[in-house]
Amino acid sequence: MKKLSVILLFLTLLLAFPAAASAEGDEAVNIAKQCTFSSADNEENFNLLTDKGYFTELLMRKNNDYWQIDFGGNDVQGMYILWRVAPGAWQLAVDSGSGFNDYIDCAGEYIQEYVPIPSGVRAVRMLRPTETGDRLQVYSLEIYTPGRLPETVHLWEPTPNTAELMLLSAHQDDELLYLGGSIPYYAGEKKLDTVVVYAATCSQLRLHESLNGIWTCGMRTYPVFLGLPDYKSFSIDEAKKYWSTTNTRLMLTEQLLKYRPQVVVTQDENGEYGHGAHRLMVALLKDAIVNSADAEYVAEKFPQYKPWEIKKCYLHLYKKNKVVIPWDEMYMDSFGGMSAHKVACLGYEQHKSQHQWYYKVALNGAEDCRKFGLYHSTVGEDVAKNDFFENITLRIYDKAPDASVIMEGMTQYGHNPAMYSTIDAAGQPMWLRYGEIDGVTAWYAVDSTGTLLEPLRTAFCFEDAQPEDIEAYEPLPLCSSSDIPIYEYSANSGDVQLLRCAATEEGPVWYVVDDNGMLCEPRVTVTVPKRVIPPPPEPAYSLSDYLLLSVLGVLFLSLIATLIIPLIRKKFTSR
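Source: prediction; values computed, not measured.

**With respect to the pattern of salt bridges**
A complete count under the given rule lists 10 salt bridges for this structure. Where Asp-41 meets Arg-61, a salt bridge forms, and the shortest distance between an N and an O atom there is 3.0 Å. Of this pair, Asp-41 sits in the loop between strand E1 (36-39) and strand E2 (58-59) while Arg-61 sits in the loop between E2 and strand E3 (66-70); the two residues are 20 residues apart in sequence, bridging distant segments of the chain. Across the pair Arg-206 and Asp-173 runs a salt bridge whose closest N-O atoms are separated by 3.2 Å. Here the residue Arg-206 occupies a position in helix H4 (residues 204-216), and Asp-173 occupies one in the loop between strand E10 (165-169) and helix H2 (174-177), the gap between them amounting to 33 residues. For the pair Arg-206 and Asp-173, one class covers both residues: buried.

As C-alpha cells, this is what we get:
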C-alpha cells in the first residue's frame with residue numbers, strides 16, 4: 001500500500017505541473033573545428049583559422065589557389081570570415097555532390113564578411129581573387145549550421161549614400177571616448193543614416209575592435225576608413241610630418257561631397273589631451289566645410305560631385321555656442337532602457353587593446369563626452385542646446401509621396417525606410433530611393449548599396465491594385481504616440497514575408513509601419529480583404545484531463561484517509 005501511494009502521488013504531481021517547453025528557436029552552431037581543411041599542397045596550418053583570435057592569421061601560401069573546406073555531412077547556412085585584409089571581389093566554389101561546378105560571388109569589401117551557403121552544399125573552396133591574384137589573409141573563420149546566428153556575427157549593410165549625420169574620428173575609439181553616445185542614440189535608437197569616418201588606421205586589430213564597438217552601439221552600416229598613418233604627436237606641426245595637409249584636406253572635402261551630411265560632429269580643436277592628429281584633423285575639416293560649398297573649387301577638384309554646404313558642425317569641448325548632450329540621461333528602448341552613455345561604455349569595452357591605458361567615456365573633467373560647441377550653422381543657433389538635430393529637418397525620413405502611392409512588388413531594403421527593391425520593365429532587379437535632389441522630390445534609381453546611378457533616373461510609381469493576401473494577425477504593443485492599434489500580418493506578396501500594419505479609425509486604411517509602430521517613409525497603404533481573427537487559445541486541459549485528475553484526486557484522498565484514520569483511532573484507544 002505504501003509503494004502504491006507514492007506512485008499515485010508522483011502521477012498526480014506530474015499531471016498537475018507539466019514541464020514547460022522552450023519557446024526559443026535553435027541557435028546556429030559554429031562547427032568550424034569539425035570540418036576538414038585542405039589545399040593544393042596541404043602544408044597550411046589550418047588550426048590558425050579556427051582559433052578565433054586576432055593575434056594569429058593564416059596567409060595563403062604562394063603555390064595555393066584555394067582552401068578547401070569539407071563540412072563532414074553537416075548542413076551549413078553560412079561562413080563568417082574575419083579578414084586581416086579585405087580581399088576585394090572573390091569567389092567561393094561550391095560542391096553539392098557533382099564537383100565544384102557552381103560559384104558564389106563574394107564582395108570582399110569588409111574585413112568582417114558573412115557568406116550565406118545554400119542548403120545541400122557538401123564542401124566549398126575559397127578561391128584566390130582572380131583580378132588581383134592576392135593571397136587570402138584570414139584571422140579566423142566560423143562555419144554555422146542553420147539556426148539563429150549569434151550576436152557576434154555582424155551582417156554589415158553598405159555605407160549610406162546620403163548621411164543625416166557624419167561622425168569624424170581621428171582614431172579607432174575616439175568616436176566613443178569623445179563623441180559619447182552619438183552612435184548609440186542617433187544611429188542605434190533613432191536609426192538615422194549615419195556615416196562614421198576614421199582618419200587614421202591604427203592597426204588591423206583595432207579596425208576589428210572599432211567594428212565590434214560600433215556594432216555594440218547599434219551601428220549596422222559599414223564605416224569609412226581613410227587609412228592615414230597613425231603616429232602620436234603633440235602639435236599640429238608634428239602631425240603634418242605624417243599627414244599631408246593637401247591630401248588630407250582633399251580627403252575630408254570629398255567625404256562631405258560624397259555623403260552630403262546635414263550635421264557633422266568631430267573632436268576638440270585642441271586635441272582633447274593635446275594630440276596633434278586630433279588638432280590637425282579638426283583644422284583641415286574647417287577648410288573642407290568651406291571648400292565643399294565653393295562651386296568653383298568643387299568644379300575644379302571634384303567635377304564628379306555637386307557642391308554641398310553642411311547645415312551644422314559641432315566640435316567636442318568647443319568654447320563658443322556651448323551645448324550639453326545628456327547622454328547619461330537619454331534612455332533608449334532599442335537597448336532595453338540603457339542610457340546612451342552606458343551603451344557607449346559597452347562599445348568601448350570592445351577596444352580591448354586600449355584597456356591598458358587610462359581612457360574612459362568620461363562624464364566629467366577635461367574630456368567630458370557630453371560637452372560640445374556649435375562651430376558652424378546655416379540654420380541659426382541652438383536654443384534647447386541638447387540635440388545635434390535641433391533646427392534640422394530630416395530629408396529622407398520626413399518627405400513622402402501621397403499615402404496611396406506604392407510601387408508594384410516593392411519591398412523595404414535593409415534598415416532604410418526610403419530604399420526599396422523592385423523589378424524594372426525588362427524583368428531585372430531594380431533598386432529605388434526616395435528623396436530630394438536639386439529640388440526634385442522623386443524616386444531615383446540606385447545600385448544595391450543605395451548609391452545614385454548616373455545619369456540620374458527617376459522611376460514611375462502607381463497605385464497597387466492587388467490586395468495583399470493576409471492570412472492572420474496578432475496585436476503588437478503600441479510604440480507610437482498615436483492611438484492607432486498595430487497588427488502583425490503574415491503576407492504572401494513576392495519578396496514580402498512580413499508586414500506590420502497600423503489601421504486608422506476611418507475606413508480603415510492600413511499603413512505599413514516599422515517595428516516601433518512608426519509609419520515607414522514613403523508611406524505605403526495595404527488593402528486588407530478581411531480581418532481573420534485568430535481562434536481563442538485552447539484550454540490547457542481537456543475535459544478528459546480534468547476527469548482523470550478528479551479520479552486521481554479522489555484515490556489520493558482515499559489513500560490518505562485509509563492510512564491516517566486507523567492511526568488516529570489507535571492513538572485515542574490507547575488512552
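After presenting the structure, the write-up continues.
**As for the sheet that holds strand E4 (residues 78-83)**
A sheet is described by the order of its strands in space; here 4 strands give the open sequence E2-E9-E4-E7, paired in antiparallel fashion. Across the chains shown, the open sheet's two edge strands, defined by having one partner strand only, are E2 and strand E7 (112-116). By the bridge criterion, 6 bridges tie E4 to strand E9 (residues 137-144) in an arrangement that is antiparallel. Its bridge partner being in E9, Tyr-80 is matched across the sheet by Glu-142.

**Details of the packing of aromatic side chains**
For the structure on display, the rule yields 21 aromatic pairs. Ring centres of Tyr-314 and Phe-388 lie 4.8 Å apart, and the angle between their planes is 45 degrees; this geometry places the pair in the tilted category. In this pair, Tyr-314 is assigned in strand E14 (residues 312-316) and Phe-388 in the loop between strand E16 (371-377) and helix H10 (395-398), connecting sequence segments 74 residues apart. In this structure Tyr-314 comes out as buried when scored by relative accessible area, which is 0%. Overall, the relative accessible area of 0% leaves Phe-388 in the buried class. On the numbers, 5.8 Å between centres and 85 degrees between planes, the contact of Tyr-318 with Tyr-375 is edge-to-face. Placement of Tyr-318 in the loop between E14 and strand E15 (322-324) and of Tyr-375 in strand E16 is noted, with a sequence separation of 57 residues between them.

**Let's talk about helix H6 (residues 245-259)**
If you check H6, its first and last C-alpha atoms are 21 Å apart, about what 15 residues at 1.5 Å a residue would give, namely 21 Å. Every buried residue belonging to H6 is among Thr-248, Leu-252, Thr-253, Gln-255, Leu-256, Leu-257 and Tyr-259, and all of these are buried. On the buried face of H6, the contacting elements are E10, strand E11 (194-200), strand E12 (224-228), strand E13 (263-266), helix H7 (276-292) and helix H8 (295-301). Arg-260 lies just past H6 and shows a positive phi near 50 degrees.

**Quick look at the nonpolar core**
If you look at the biggest cluster of nonpolar residues, it comprises 74 residues, and the most contacted ones within it are Met-126 and Ile-143. Counting 34 residues, the second-largest nonpolar core is a separate cluster that includes Leu-228, Ala-277, Val-282 and Ile-310.

**Regarding unusual backbone geometry**
Backbone geometry at Asn-42 places phi at a positive 55 degrees, although glycine is not the residue there. Along the polypeptide, Asn-42 turns up in the loop between E1 and E2. In this model, Asp-173 sits at a positive phi of 115 degrees, which is unusual for a non-glycine residue.

**Describing H4**
Its 13 residues give H4 an end-to-end C-alpha distance of 19 Å, which sits within 8% of 18 Å, the value for a rise of 1.5 Å per residue. Every buried residue belonging to H4 is among Leu-205, Arg-206, Leu-207, His-208, Glu-209, Ser-210, Leu-211, Asn-212, Gly-213, Ile-214 and Trp-215, and all of these are buried. Residue Gly-218 follows H4 closely and has a positive phi angle near 95 degrees.

**Structural notes on a nonpolar patch on the surface**
The grouping of Ile-560, Leu-563 and Ile-564 at the surface amounts to a nonpolar patch, some 230 Å² of accessible area in total. Positionally, Leu-563 belongs in helix H11 (residues 543-574).

**Overview of the side chain of Glu-272**
Note on placement: Glu-272 falls in the loop between E13 and H7. One buried charged side chain, Glu-272, makes no salt bridge at all; its nearest oppositely charged neighbour is Arg-279, positioned 9.3 Å away. A polar atom in the side chain of Glu-272 sits 3.2 Å from the side chain of Gln-267. A distance of 2.7 Å separates the side chain of Glu-272 from the side chain of His-316, its partner in a polar contact. Excluding residues that lie within four positions of it along the chain, Glu-272 makes contacts with Tyr-178, Gln-267, His-278 and His-316.

The rules we used
Residues numbered from 1 in each chain as written. Predicted model: local features only at pLDDT ≥ 70, side-chain atom pairs only at ≥ 80, totals over all residues. Heavy atoms only, no water. Salt bridge = Lys/Arg side-chain N within 4 Å of Asp/Glu carboxyl O. Helix = DSSP H or I, 4+ residues; strand = E, 2+ residues; numbered from the N terminus. Buried < 20%, exposed > 50% of the residue type's maximum accessible area, 1.4 Å probe, protein only. Pairing = 2+ DSSP bridges. Phe/Tyr/Trp six-rings, centres within 6.5 Å; stacked < 30°, edge-to-face > 60°. Expected span 1.5 Å × (residues − 1). Contact = heavy atoms within 4.5 Å. Core = buried A, V, L, I, M, F, W, Y, C linked by side-chain atoms within 4.5 Å. Patch = residues over 30% accessible without salt bridge, like charges linked within 9 Å, V, L, I, M, F, W, Y side chains within 5 Å. Areas by Shrake-Rupley, 256 points an atom, 1.4 Å probe, with all protein chains shown as cover. Lys, Arg positive; Asp, Glu negative; His and termini not counted. Polar contact = N/O pair within 3.5 Å; in protein donor to acceptor, adjacent residues only side chain to side chain.

By themselves these figures say nothing about function.
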